[in-house]
Amino acid sequence: MSRAYNFSAGPAALPESVLRQAQEEMLEWQGAGASIVELSHRGPEFMQVAAEAEADLRALVGVPDDYAVLFVGGGATTQQALLPLNFANAGQAADYVVTGHWGRTAIRQATPHVDLRIAASGENDGFRSIPEREAWQLSEDAAYVHITANETIHGVEFRDVPDVGDVPLFADFSSSIASEPIDVTRYGAIYAGAQKNLGPVGIGVAIIRRDLLERAGQPRADIFDYRQQLANGSMLNTPPSWNWYMLGLTVKWMLAEGGVAEFARRSAAKSALLYETIDGSGGFYRNRVDPAARSRMNVPFFLHDDALDRPFLNEARAAGLISLKGHRVLGGMRASIYNAMPVEGVQALAQFMREFQQRHG
């Protein structure tokens with residue numbers, strides 16, 4: 001078997017060692033007589049898995065004790081709908097900064113529940129940059145300010161934490177969590193779908209400052225109430241236990257590899273190599289994002305002639321480089337280079353891109 005270098009944006013590549021461990025433990029988990037996915041989520045075996053996953057995630061990301069950690073179903077889009085229900089009063093203002101497709105998605109999920117205000121948007125320039133903080137129009141009475149830390153489709157990333165005063169800052173970190181050190185205390189809530197840096201699709205995490213959980217929010221079912229989820233150890237209903245287990249293995253792998261500082265170093269090297277290849281191609285490849293806002297995780301790029309898209313993808317696949325087709329919103333190509341993508345994979349892609357240019361330039 002020969003595994004390709006997988007540049008998928010999500011579900012994304014998982015570390016091979018994690019997949020092999022899961023394969024070894026699939027039939028029986030640590031002498032339990034059954035797979036972890038067959039055992040009760042309230043049994044001692046899975047309770048151990050869950051406790052270790054939380055402890056390891058706290059250590060990896062640097063989550064203080066005054067923040068709750070929830071393991072949530074439904075991915076980031078579900079959390080986008082739950083944030084206003086849990087943290088805003090009916091009709092209360094909430095400020096959103098829109099820097100790409102997923103920022104717009106967050107707006108759609110929240111609009112029915114709050115007086116949603118667009119504090120700033122990068123749409124006028126095609127989401128190729130982040131609006132200057134000085135131009136943001138923030139509301140003094142807002143329940144929170146929401147940003148998307150990294151836009152998976154448009155390839156735009158916040159490179160610093162915006163100052164929003166005393167209003168809690170909420171951030172979707174789905175495609176950049178655990179890729180570099182972050183100061184969790186600068187945020188009221190961080191949430192992320194797992195299927196990019198943390199594990200498989202089907203589970204996510206929410207990291208919430210505990211005092212915010214005291215807000216009454218709006219009428220909602222228990223299953224949509226973060227307080228109820230916390231009180232029940234993220235097991236108010238039967239959780240996606242296999243996904244949770246896989247997330248735990250992935251977090252252990254990241255800790256063993258050196259943690260977020262090491263992945264920040266790798267991410268800088270990988271993204272620099274890819275952008276240098278694009279920028280040094282004389283226009284054969286183009287990335288349209290403001291260099292100051294370029295994502296380290298998702299690199300969209302375009303060939304100078306759309307007719308070359310299909311040959312590029314076909315030849316890349318033959319070379320063992322897969323999932324490079326761009327999102328339908330933008331077209332072109334996209335290379336997602338999350339933590340599980342080794343430097344060697346990006347080196348192979350850069351070499352292929354140079355050789356493809358020589359053949360077709």
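See the structure shown above.
What counts, and where the lines are drawn
Residues numbered from 1 in each chain as written. Predicted model: local features only at pLDDT ≥ 70, side-chain atom pairs only at ≥ 80, totals over all residues. Heavy atoms only, no water. Phe/Tyr/Trp six-rings, centres within 6.5 Å; stacked < 30°, edge-to-face > 60°. Helix = DSSP H or I, 4+ residues; strand = E, 2+ residues; numbered from the N terminus. Buried < 20%, exposed > 50% of the residue type's maximum accessible area, 1.4 Å probe, protein only. Lys NZ or Arg CZ within 6 Å of the ring centre and 35° of its normal. Pairing = 2+ DSSP bridges. Axes fitted to C-alpha atoms, helices over the stretch in contact; angles between N-to-C directions. Contact = heavy atoms within 4.5 Å. Salt bridge = Lys/Arg side-chain N within 4 Å of Asp/Glu carboxyl O. Polar contact = N/O pair within 3.5 Å; in protein donor to acceptor, adjacent residues only side chain to side chain. Patch = residues over 30% accessible without salt bridge, like charges linked within 9 Å, V, L, I, M, F, W, Y side chains within 5 Å. Areas by Shrake-Rupley, 256 points an atom, 1.4 Å probe, with all protein chains shown as cover. Lys, Arg positive; Asp, Glu negative; His and termini not counted. Charge placed at Lys NZ, Arg CZ, Asp CG, Glu CD. Core = buried A, V, L, I, M, F, W, Y, C linked by side-chain atoms within 4.5 Å.

A. Spotlight on the packing of aromatic side chains. Tallied over the entire structure, the rule returns 18 aromatic pairs. Pairing F87 with F170 gives two aromatic rings, centres 5.4 Å apart and planes at 70°, and the pair type is edge-to-face. Within this pair, whereas F87 is found in helix 3 (residues 75-87), its partner F170 is found in strand 8 (residues 169-172), the two being separated by 83 residues in sequence. As far as the burial class goes, F87 and F170 line up, both buried. Aromatic side chains W136 and F158 sit 6.3 Å apart centroid to centroid with 85° between the ring planes, which places their arrangement in the edge-to-face category. Separated by 22 residues along the polypeptide, W136 in the loop between strand 4 (115-121) and strand 5 (145-148) and F158 in the loop between strand 7 (156-157) and strand 8 bring together distant segments of the chain. Taking the relative accessible area as the measure of exposure, F158 reaches 10% and is therefore buried. Following the ring pairs from residue to residue traces out a cluster consisting of F284, Y285, F301, F312, F352 and F356. Its guanidinium or amino end placed over the ring of F263, R266 lies 4.9 Å from that ring's centre, counting from NZ or CZ.

B. Structural view of the sheet that holds strand 5. Pairing is mixed in the open sheet, where seven strands are placed in the order 2-10-9-8-5-3-4. Edge positions in the sheet fall to strand 2 (67-72) and strand 4, since each has one partner strand and no second. Going from strand to strand, the sheet's axes swing by 20° on average, the running direction of each strand aside. As defined by bridge partners, strand 3 (residues 93-98) adjoins strand 4 across six bridges and the pair is classed as parallel.

C. Structural detail: the sheet that holds strand 14 (residues 333-336). With respect to topology, three strands assemble into an open sheet ordered 11-12-14, the strand pairing being antiparallel. Each edge of the open sheet is held by one strand with a lone partner, namely strand 11 (285-286) and strand 14. Sheet analysis places strand 11 next to strand 12 (residues 298-303), joined by two bridges and oriented antiparallel. The residue of strand 12 that forms the bridge with R286 is F302. Where helix 7 (residues 259-279) meets the sheet, its contacts fall on strand 11, strand 12 and strand 14, and the angle it forms with strand 12 comes to roughly 15°.

D. Looking closely at the pattern of salt bridges. Scanning all chains against the criterion turns up 19 salt bridges. Between D225 and R227 there is a salt bridge whose closest N-O contact spans 3.1 Å. R266 is the salt-bridge partner of E257, the closest N and O atoms lying 2.8 Å from each other. A single salt-bridge network, built from bridges that share partners, covers E157, R159, E180 and R296.

E. View of the side chain of S8. Within the secondary structure, S8 sits in the loop between strand 1 (5-6) and helix 1 (16-24). Since its relative accessible area comes to 15%, S8 is described here as buried. In this structure the side chain of S8 is engaged in a polar contact, spanning 3.3 Å, whose partner is the backbone nitrogen of G10. Within polar-contact distance, the side chain of S8 engages the backbone oxygen of P11 at 2.6 Å.

F. Molecular detail of a negative patch on the surface. On the surface, D125, E132, E134 and D290 cluster together into a negatively charged patch. Within the secondary structure, D125 sits in the loop between strand 4 and strand 5. Overall, the relative accessible area of 32% leaves D125 in the partly exposed class.

G. Representation of the nonpolar core in the model. F71 and L198 are the most contacted members of the largest nonpolar core, which totals 58 residues. Sorting elements by how many residues they give to this core places helix 6 (residues 241-257) first, with eight residues. Leave out the neighbours within four places in its chain, and L198 touches L57, I177, A178, V205, L247, T250, V251 and M254. Among the nonpolar cores identified, the runner-up in size contains 28 residues, and V98, A106, V114 and F170 belong to it.

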